[in-house]
Amino acid sequence: MLFRCIQFIFLFLFCSSNLFGKEYNVLDYGAIGNGIQKDTEAVQKAIDLATANGGGKVVIPSGKKVLIGTIFLKDKVTLYLENGAVLLGSPAIEDYAINTHKNMYKNEPHMDRCLIFANKASSIAIEGYGTIDGNGFPENFTQKTGRPMLIRFLNCTDIHINNVKLINPAAWTSAFLYCTNISVSGISIKSRVNYNGDGLDFDGCQNVSVTNSIFNTSDDSICLQASLPNKPCKNISVSNCTFESKWAGMRIGLLSRGNFESVTVSNCTFKNIDDSGLKIQMNEGGKMKNMTFSNLVMKNVPRPIFITLAQQKACVDAPEEMYPVGSIQNFIFENIIVDNEDIDKNSAIFITGIKGHYIKNMVLRNIQLHFSGGGTLVDAKKTKVKEYTLDVLKDWWPEFHLVGTLPAYGVYARHVKGLYLDNVHIYTKNEDKRSPIILDDVAQDHISNTFSNYNLLTKTQLIRL
């Protein structure tokens, strides 16, 4: 009987080790964990041994602050941060490797380095209830010295990032380039100590899920990009997230040489955004289509929907000639509440194509827009709203400040074919002399059950230019 019990125990331990993988505590490989001594070599040794043995869990133990420069995550390795553990980035730029690919935006090589890098790795993970702290304060990193990102994964597949806290990057929190099968869940990002503090950036990635996460960022909280023409960004799902940002909640495009397709965003809240809630920009010749945005609540979010079609070079590898005009089509925005009563008058939904190049098939339904109002007669009489043409853009992105105050307080749409508004309610806290809706070069529009301050809008109240 005793022999059988011993056999059972050994069998259980054997199965458990195979089921959960072997653990590699970094303290066993020379890490001190005092936040002062650099433990890069110890952490990398544990990662290398784990992948060499077929995979496992590299553990950053609770109560320890493990100081590192660049580490390289490899096949079948889970970087696991126990509750109370901190993986701390070195404050010295020379501790960050230079063989970690590059930032894909032009004029930003100061963000080429990173803290955690993986290239062509499969089945990798960062998990646990601990913290990765980039230590990215301006006294450590500037544009002159270089500002490392926290995470960059290149050409990787089967990625899981769960529950960790990602804080204080010197630049972007993460860049996923040309990766597939990515699952992010339950994380929180706080990137406010330096500028350009994006949250999650997915460039040319496919099959991506982001759920149950919290963002507080100094730049776009989530970015979808396509820097290579042959690497589309597609099959993306974002749900049950909270966004707070000094720029955009979600930006789709800008880096847009490739295509974007099949994106869903649902059950999210946006608050205290400085620029735009949903910022969608196609300007490097790619095609963008088939996206839905539903069940969203926004408070203090100027331009809850801001869509631009333009021509501009954003990619570091941009060709000498200008890109052709891309396309945007087949979008649905529904079940959205916006509360902007306490911010300035520039809060309208703004959708603009290019003359001769329409944005197509935009559906907006079941939407409440609560705006501050305050537009003047001068604002209302503004007849020329700048186009995002090459002479206006020059060498910059199609940002709202290039346009200025709009002559509409609710919806301003230009160069659109197929615009459908149904059950849209617009309210202003203060009197506004502007029109609630202006359609400039909009073809095949269908406006129904749309109200301004409780009054049903008639065809004569819709201004068409």
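Residues numbered from 1 in each chain as written. Predicted model: local features only at pLDDT ≥ 70, side-chain atom pairs only at ≥ 80, totals over all residues. Heavy atoms only, no water.

A.B. asks: Could you clarify how one ought to interpret the overall build of the protein chain in this entry?
C.D. replies: Regarding its fold elements, the protein chain presents four helices and 35 strands. Against the 2.2 N^0.38 benchmark of 23 Å for 465 residues, the protein chain shows a C-alpha radius of gyration of 25 Å, consistent with a compact globule. Oriented by its inertia axes, the alpha-carbon framework of the protein chain measures out at about 90 × 55 × 40 Å. Per-residue burial over the protein chain gives 55% buried out of 465 residues. For the protein chain, the accessible surface area stands at approximately 19000 Å², while carbon and sulfur atoms represent 52% of it. (Helix = DSSP H or I, 4+ residues; strand = E, 2+ residues; numbered from the N terminus. Rg over C-alpha atoms; globule rule 2.2 N^0.38 Å. Buried < 20%, exposed > 50% of the residue type's maximum accessible area, 1.4 Å probe, protein only. Areas by Shrake-Rupley, 256 points an atom, 1.4 Å probe, with all protein chains shown as cover.)

A.B. asks: When you look at the nonpolar core in this model, what are you seeing that I'm missing?
C.D. replies: Side chains of nonpolar character tend, in soluble globular proteins, to be buried together. Core analysis: the largest hydrophobic core is formed by 105 residues, its most contacted members being Ile126, Phe153, Phe202 and Phe333. No other element matches the eight residues that strand β31 (residues 408-428) contributes to this core. In contact with Phe202, not counting residues within four places along its chain, are Phe176, Ile182, Val184, Val208, Val210, Ile222, Cys223, Leu224, Gln225 and Cys233. Counting residues in hydrophobic clusters, the runner-up holds 18 residues, among them Met111, Met149, Ala175 and Cys315. (Core = buried A, V, L, I, M, F, W, Y, C linked by side-chain atoms within 4.5 Å. Contact = heavy atoms within 4.5 Å.)

A.B. asks: Got a minute to help me understand the environment of Ser213 in this structure?
C.D. replies: As for its placement among the helices and strands, Ser213 is situated in the loop between β18 (206-211) and β19 (214-217). Beyond its immediate sequence surroundings of up to four residues, Ser213 is in contact with Val184, Ser185, Gly186, Ile187, Asn240, Cys241 and Thr242. Looking at Ser213, its side chain comes within polar contact range of the main-chain nitrogen of Gly186, at 3.4 Å. (Polar contact = N/O pair within 3.5 Å; in protein donor to acceptor, adjacent residues only side chain to side chain.)

A.B. asks: What's the story with the pattern of salt bridges in this structure? I'm lost.
C.D. replies: Any two side chains of opposite charge can pair, given that their charged atoms come close. Per the counting criterion, the structure on display carries 17 salt bridges. Salt-bridge contacts for Lys429 lead to Asp342; the nearest nitrogen and oxygen are separated by 3.2 Å. With Lys429 in the loop between β31 and β32 (435-448) and Asp342 in the loop between β28 (327-340) and β29 (349-352), this pair connects stretches of sequence that are 87 residues apart. Judged by its relative accessible area of 55%, Asp342 falls in the exposed class. Overlapping salt bridges bring together Asp275, Lys279, Arg303 and Glu399 as one network. (Salt bridge = Lys/Arg side-chain N within 4 Å of Asp/Glu carboxyl O.)

A.B. asks: What is the right way to look at the side chain of Arg147 in this model?
C.D. replies: Looking at the element boundaries, Arg147 is found in the loop between β10 (131-133) and β11 (149-154). Glu108 provides the closest opposite charge to the buried, unpaired Arg147, separated from it by 6.1 Å. The contact partners of Arg147, leaving out residues within four places of it in the chain, are His110, Met111, Phe141, Thr142, Ala170, Ala171, Asn194, Tyr195 and Asn196. (Lys, Arg positive; Asp, Glu negative; His and termini not counted.)

A.B. asks: Could you clarify how one ought to interpret the environment of Ala125 in this entry?
C.D. replies: Considering the arrangement of structural elements, one finds Ala125 in strand β9 (residues 122-128). For Ala125, a relative accessible area of 7% corresponds to the buried category. Distance in space between the C-alpha atoms of Ala125 and Ile214 is 19 Å, their sequence separation being 89 residues. In contact with Ala125, other than residues within four places in its own chain, are Leu73, Val77, Thr78, Leu79 and His160.

A.B. asks: Looking at this structure, I do not really get unusual backbone geometry. What am I missing?
C.D. replies: A negative phi angle is the norm for most residues apart from glycine, just as the trans form is the norm for most peptide bonds. Phi is positive for Asn300, which is not a glycine, with a value near 60 degrees. The residue Asn300 is located in the loop between β26 (287-299) and β27 (305-309) in this model. Taking relative accessible area as the criterion, Asn300 reaches 18% and is therefore assigned buried. Although it is not a glycine, Asn361 sits at a positive phi angle of roughly 60 degrees. The residue Asn361 is located in strand β30 (residues 359-371) in this model.

A.B. asks: Got a minute to help me understand the confidence of the model for the protein chain in this structure?
C.D. replies: Parts of the model with low pLDDT should not have their predicted coordinates read in detail. Taken as a whole, the protein chain shows an average pLDDT of 94; of its residues, 95% reach a score of 70 or greater. Counting contacts from residues 8-20, a segment whose pLDDT is below 50, to residues more than four positions away or on other chains yields two contacts. (pLDDT = per-residue confidence, 0-100.)

A.B. asks: I keep staring at the side chain of Ser266 and nothing clicks. Help me out?
C.D. replies: Summarising the element assignment, Ser266 is placed in strand β24 (residues 260-273). The exposure class assigned to Ser266 is buried, which follows from its relative accessible area of 19%. Those residues in contact with Ser266, other than ones at most four positions away along the chain, are Val238, Ser239, Asn240, Ser294, Asn295 and Leu296.

A.B. asks: Explain the packing of aromatic side chains here, please?
C.D. replies: Note on aromatic pairs: each is described by the distance of the centres and the angle between the planes. The full count for this structure, using the stated rule, is 18 aromatic pairs. An angle of 20 degrees between the planes, with centres 6.2 Å apart, marks the rings of Phe293 and Phe331 as stacked. Of this pair, Phe293 sits in strand β26 while Phe331 sits in strand β28; the two residues are 38 residues apart in sequence, bridging distant segments of the chain. On the basis of relative accessible area, Phe331 is assigned to the buried category, the value being 1%. Following the ring pairs from residue to residue traces out a cluster consisting of Tyr105, Trp172, Trp396 and Trp397. Positioned above the aromatic ring of Tyr195 is the side chain of Arg147, whose terminal nitrogen or guanidinium carbon lies 3.8 Å from the ring centre. (Phe/Tyr/Trp six-rings, centres within 6.5 Å; stacked < 30°, edge-to-face > 60°. Lys NZ or Arg CZ within 6 Å of the ring centre and 35° of its normal.)

A.B. asks: Where do I start with the environment of Val66 in this structure?
C.D. replies: Checked against the element boundaries, Val66 lands in strand β4 (residues 65-68). By relative accessible area, which is 0% here, Val66 ends up buried. Contacts of Val66, omitting those with residues within four sequence positions, involve Val26, Gly33, Asp39, Val43, Ile60, Val86, Leu87 and Leu88.

A.B. asks: How do you make sense of helix α2 (residues 40-52) when you look at a structure like this?
C.D. replies: Given 3.6 residues per helical turn, the α-helix brings residues three or four places apart onto the same face. Taking 1.5 Å per residue, 13 residues should reach 18 Å; α2 reaches 18 Å between its end C-alpha atoms and fits that length. Those residues of α2 that fall on the buried side of the exposure criterion are Ala42, Val43, Gln44, Ala46, Ile47 and Ala50. Where α2 is buried, its residues meet β1 (22-25), β3 (56-60), β4, β5 (71-72) and β6 (77-81). Once α2 ends, the next one or two residues include Gly54, with phi positive near 95 degrees. (Expected span 1.5 Å × (residues − 1).)

A.B. asks: Where do I start with the pairing of strand β17 (residues 200-203) in this structure?
C.D. replies: Two faces make up the sheet, and in a regular strand the side chains alternate between them. Because side chains alternate across β17, one face comprises the buried residues Leu200 and Phe202, and the other comprises Asp201 and Asp203, equally buried. Pairing of strand β14 (residues 174-177) with β17, which is carried by two bridges, proceeds in the parallel orientation. Residue pairing for β17: Leu177 is matched across the bridge by Asp203. With four bridges connecting them, β17 and strand β20 (residues 222-226) associate as parallel partners. Its bridge partner lying in β20, Phe202 is registered against Leu224. (Pairing = 2+ DSSP bridges.)

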